[in-house]
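# Examination of the molecular architecture
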Amino acid sequence: MNKITCICLGVKNMEKSIKFYRDGLGYKTNCKENNPPVCFFDTPGTKFELYPLDLLVKDIDESSLKIGSGFSGFTLAYNVEKKEDVDKVIELVKNAGGKIIKEPQNVFWGGYHAYFSDLDNYFWEVVWGPDFQFDENDLLKF
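These figures come from a predicted structure and were not determined experimentally.

### Quick word on the overall build of the protein chain
Within the protein chain, the secondary structure is distributed over three helices and eight strands. For the protein chain, the sequential pattern of α-helices and β-strands runs α-β-β-α-β-α-β-β-β-β-β. The buried share among the 142 residues of the protein chain stands at 34%. Within the protein chain, contacts between residues at least 6 apart in sequence are counted, and of these 44% link residues at least 24 apart. A total of about 9,600 Å² of accessible surface is found on the protein chain, and carbon and sulfur atoms cover 50% of it.

Below is the structure:
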């Protein structure tokens, strides 16, 4: 039996959010209209991750984020195959109206990443790792 993982984001403005993801970041969807009651985006696969909240805050920006001050501890990951893709995605985010939380930079474990928030303030990490491998469905393998 196939298992489908879907992450649902509650958004404030469907039209703006659809344009952000579909037109701005290039996510594939069958949604043709700009304000449908629901819109699904195709993704190559999803992983569920648990990470200590205090370390997540530190990883993003501990000087401006405080646990319990509106940051829920929930982030999404946009895993890329090439280091330079992190910069390309961040440029797409800027052009689509997202907010850059942490500019692209090297990470202590050898990777390269950045953080942004979408139009509804959901946090995303764009990340490349030197050992990242993807399967035939473009799902990150561990």
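### Concerning the packing of aromatic side chains
Applying the stated criterion across every chain, the model contains 11 aromatic pairs. Judged by centre distance (6.3 Å) and plane angle (80 degrees), the rings of Tyr27 and Phe41 are edge-to-face. Separated by 14 residues along the polypeptide, Tyr27 in the loop between α1 (14–24) and β1 (28–29) and Phe41 in strand β2 (residues 41–42) bring together distant segments of the chain. For Tyr27, a relative accessible area of 16% corresponds to the buried category. Note on Phe41: relative accessible area 24%, which makes it partly exposed. Ring centres 6.3 Å apart and planes at 25 degrees place the aromatic pair Trp109 and Phe132 in the stacked group.

### Side note on the state of the cysteines
Scanning all chains against the criterion turns up one disulfide. There is a disulfide in this structure between Cys31 and Cys39, and the S-S distance comes to 2.3 Å. A torsion of 140 degrees about the S-S bond marks the disulfide between Cys31 and Cys39 as right-handed. You'll find Cys31 and Cys39 in the same group, each marked buried.

### Comments concerning the side chain of Ser117
Relative to the helices and strands, Ser117 resides in strand β5 (residues 112–117). Relative accessible area serves as the criterion here: at 1%, Ser117 is assigned to the buried category. Not counting residues up to four positions away in its chain, the partners in contact with Ser117 are Gly98, Lys99, Ile101, Tyr122 and Phe123.

What counts and how
- Residues numbered from 1 in each chain as written.
- Predicted model: local features only at pLDDT ≥ 70, side-chain atom pairs only at ≥ 80, totals over all residues.
- Heavy atoms only, no water.
- Helix = DSSP H or I, 4+ residues; strand = E, 2+ residues; numbered from the N terminus.
- Buried < 20%, exposed > 50% of the residue type's maximum accessible area, 1.4 Å probe, protein only.
- Contact = heavy atoms within 4.5 Å.
- Areas by Shrake-Rupley, 256 points an atom, 1.4 Å probe, with all protein chains shown as cover.
- Phe/Tyr/Trp six-rings, centres within 6.5 Å; stacked < 30°, edge-to-face > 60°.
- Disulfide = S-S within 2.5 Å.

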